[in-house]
Amino acid sequence: MVAWNRATTLAAASLLVAAVHVATSDSSPEPRTNAADQAAAEPEAQADQAAAGATGAAVAGDAARGTVVTGTAPAAAAGVPVDYAAYLPAGYDDSGDEYATVYLLHGRGDTMAAWQQVTADLDQLIADGDVPPLIAVMPDAPWSDRGNWYVDSRHTGGTAVETALTGDLVAHVDATFRTVADRDARAVGGYSMGGYGALRYALAHQDVFAAGLVLSPAVYVPLPPADSSAREFGGFGLGDAGFDDDVYTELNYPALLDGLDRELPTHLYIAVGDDEWANPAPEDAQHDIDFESARLYNTVRRVGGVTAELRILDGGHDWDVWRPAFRDGLTDLAGHLRTTDPLPLPGDITGTDGDDRAGGVAVTPDGATVTAVNEGGADPVIGSDDGWTLRLGTPAADRVHGLHTGPGGDLYTAGHTRGDLDGQHPGNARDDAFGARVTTGGDLAWVTQFGDPAAADRAYASVPAPDGGLYVAGYTSGSVGGTANAGDKDALLARLGADGELLWTRQLGGAGEDKALAVTIGADRRVYVAGVTSQAMPGGTAHGGLDAWVARFTADGKQDWLSQFGTTESDQFTALAPLPTQGVVAVGHTGGVLGAASAGGNDQLAVAVTSAGRARWITQDGTGGDDRAAAVQVAADGTITVAGHTDGRVGVSAGGVDVVVSTLGSRGQVRERTQFGTPARDGADEWDESNLYLSADGALLTGLTFGGGRGLGDVFTGPLAAPSSG
């Protein structure tokens, strides 16, 4: 990828060659509206009237204003020049930085002036930090009476529009402006006919564009309806014929999907209004643009290497839809564009040809690194870099969650099995919880399976007890230890002795679904358990949606207190770690406001819970996307390391969902955040269920990646950089 800060003298020379005209974006064209589109494309040309003579739009608030320049890309491979307008972000002239670029294609009958009404939106999105400073290029497409559909026309007298824009214009823009000349820093967008063009360019030119902003796209499968303007003007013509079925089929998006390069990931943001024009012929109802947009989304999201979002907005085929969709869509696309290379996942990636999941990582007293991997998601394998391997499973589905080094150096884990893992449960066909102890040499010291024989029971977390035993936390959908089930699922805490004997269980819950997802031992030697509930836990108050909770128990299982935290949205605690003097820090996510104002979507959540069950501080941190914390570790000086995942942008997005490691001070202040990953999903599965584990010292991280290339899901394990002090 091209480096930042290309020589300013070269950029200045290029600008002189381009002979561009600069104007400040200080006027405000009105958004256009239109009558319903007759089955296919645009309400033609009204945007030009709205934007005529204007080079930008009024700026909301105190956002710094960018500038709009106009220029012409000389005729090259396509044999035609291309006029364009380009938005340059505020500070462009005073900076040596290089920028990502988005190309915006207008609709049928319109000109490059149509898109210039969004310059104020660009100013505000950049000022608010929703998108990084970028360049927006708005080409004019006058060919075929402005109904060219952005393809290389084979019609008599047609123009190679696709070649002109994806080749000649892009090369000119990269030579003229300080762009990052790399596909990872380019996106293409458009509305209606321009939506067709943006979709085609994103799929047919993966080497040029990484993402597409596809608004109310005039795309039709298999062919346009009889009265569609896609059949006019010669864009899909052949010779003297204005439209040819085979040409259209060859150029349409279904024909592109099988040939996509999965090594070049493509992201599509698709948006459409819910009041699109309805084709009057019943057989053409499937060609209503809202129907076609849903078909497009549900087709491309199933294609390897493609990720997609779909938004249905209130409105028709006009700027009442396209303008808000542009703002939301560009924010979404920003997470898939980058001007510098992302950080890779730490360490090594391993995996089978199946769908593997991480199960934990620990370090033995002699310095050996031990990892747990759920091969195929259902066959736990514990292995040491000393060379030993232990398979801990049955012919049925089994899984481990977490790996710990105990006080004597042995390893401990817990999970669930649908088989007979301990030899005491023949014929078992339901999930049972279990805990296990493994020697430093890789031998199984003991495994204890427990639960309600008639119900599903799972363990999601464990922590070694000081005497060599184990505390295990999870849930039961039945009754364990004689306690009646209070609802759908109840949280479960169990104590195993040093020899694996099940000493006691504690079942707690309300009328809803309750799960314990984390357990730890505090400095006060009390046992802390945390998780999620759909209603009110005993002693707690429901806030709406899902709530997070923390409870404290004595070493022999007596409950001291329970505290429930929540908003009207979904809130959850996923991991716990003891604080140095008293209490614990619980991490997870919130969809509402528990700490600072919400950044949007889910935010990562960290709460310091005192030994009395009160929140000492709450830190809520995230992007405009989905941010969740999955693992936590606290150093002796109180520094907190949190591992989680985001589909937003904290640093440089690798694409899809990335891993984020945050460092917090002892009072919860965020010191630094690091984002790394692959172009695929990392740290969470396709249902956003977290799969990340930190070692006890916070130096190692292991987790799920869909970008390993070995199977569907692989596992990465590696060291983290030491957090900076301060």
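Placed above this text is the structure.
Rules of the game
Once a new chain begins, its residue numbering starts again from 1 and follows that chain's sequence as written. Since the coordinates come from a predicted model, pLDDT governs what is reported: local features require at least 70, and pairs of side-chain atoms require 80 or more to be given and counted, while whole-chain, interface and lining totals use all residues. Hydrogens and waters are ignored; side-chain quantities use all the structure's heavy atoms. Categorising residues by exposure relies on relative accessible area from a 1.4 Å probe, with only protein chains included: less than 20% of the type maximum marks a residue as buried, more than 50% marks it as exposed, and the intermediate range marks it as partly exposed. Think of it this way: any DSSP run of H or I at least four residues long counts as a helix, any run of E at least two long counts as a strand, and we number them from the N terminus. By the convention used here, strands pair only if DSSP detects at least 2 bridges between them. Viewed with both strands pointing away, a crossover whose connecting path from the first strand over the helix to the second turns clockwise is right-handed. In this description, a line fitted to the C-alpha atoms serves as the axis of each element, helices being fitted only across the stretch in contact, and the angle between N-to-C directions of two axes falls anywhere from 0 to 180 degrees. Each angle is binned into one of four classes, with values under 35 degrees roughly parallel, values over 145 roughly antiparallel, values of 65 to 115 roughly perpendicular, and all other values oblique. For any pair of crossing helices, the crossing counts as left-handed if the nearer helix is rotated counterclockwise from the farther one by less than a right angle, and right-handed if it is rotated clockwise. Only heavy atoms matter for contacts: two residues are in contact if any of them lie within 4.5 Å across the pair. Charged residues are taken to be Asp, Glu, Lys and Arg, nonpolar residues to be Ala, Val, Leu, Ile, Met, Phe, Trp, Tyr, Cys and Pro, and polar residues to be all remaining types, Gly included. Here, a salt bridge means any Lys or Arg side-chain nitrogen found within 4 Å of an Asp or Glu carboxyl oxygen. Residues grouped as a nonpolar core are buried Ala, Val, Leu, Ile, Met, Phe, Trp, Tyr and Cys residues, joined through side-chain atoms within 4.5 Å.

Caption draft 1: Fine view of the pairing of strand E8 (residues 211-215). With respect to burial, E8 is a largely interior element, 5 of its 5 residues being buried. Bridge count for strand E7 (residues 186-191) against E8 is 5 bridges, and the pairing is parallel. Among the inter-strand pairings, Ala-187 is bridged to a residue of E8, identified as Ala-211. After leaving E7, the chain enters helix H6 (residues 193-204) and then returns to the sheet as E8, a path that is right-handed.

Caption draft 2: Molecular detail of the packing of helix H5 (residues 161-176) against H6. Taken N-terminus to C-terminus, the directions of H5 and H6 make an angle of 60°; their axes are 12 Å apart at the nearest point. When the interaxial angle is binned, H5 and H6 end up oblique. Note that H5 runs across H6; the crossing there is right-handed. Residues Val-161, Glu-162, Leu-165 and Thr-166 of H5 lie in contact with H6, whose contacting residues are Arg-200, Tyr-201 and Ala-204. When its residues are assigned to classes, the contact of H5 with H6 shows 4 nonpolar, 1 polar and 2 charged.

Caption draft 3: Main features of the pattern of salt bridges. Applying the stated rule across the entire model yields 27 salt bridges. Asp-328 is paired through a salt bridge with Arg-311; the nearest N and O atoms lie 3.3 Å apart. Highlighted residues: Asp-328 in helix H10 (residues 319-334) and Arg-311 in strand E11 (residues 306-313), separated in sequence by 17 residues. The class of Arg-311 is partly exposed, set by a relative accessible area of 27%. With a closest N to O distance of 3.1 Å, Arg-418 and Asp-431 form a salt bridge. Remark: Asp-431 occurs in the loop between strand E18 (411-417) and strand E19 (432-438) and Arg-418 occurs in the loop between E18 and E19; sequence separation between them is 13 residues. By relative accessible area, Asp-431 is classed as buried at 6%. Each of Asp-524, Arg-526, Arg-552 and Asp-560 takes part in salt bridges that share partners, so that together they form one network.

Caption draft 4: Just the nonpolar core, in detail. In terms of nonpolar packing, the biggest core is built from 61 residues, with Leu-169, Phe-177, Phe-236 and Leu-268 touching the most fellow members. In terms of residue count, the dominant contributor to this core is H6 (7 residues). By size, the runner-up hydrophobic cluster in this structure holds 37 residues, among which are Leu-134, Val-180, Leu-333 and Ala-334.

As far as function goes, none of this settles anything; it's purely spatial.
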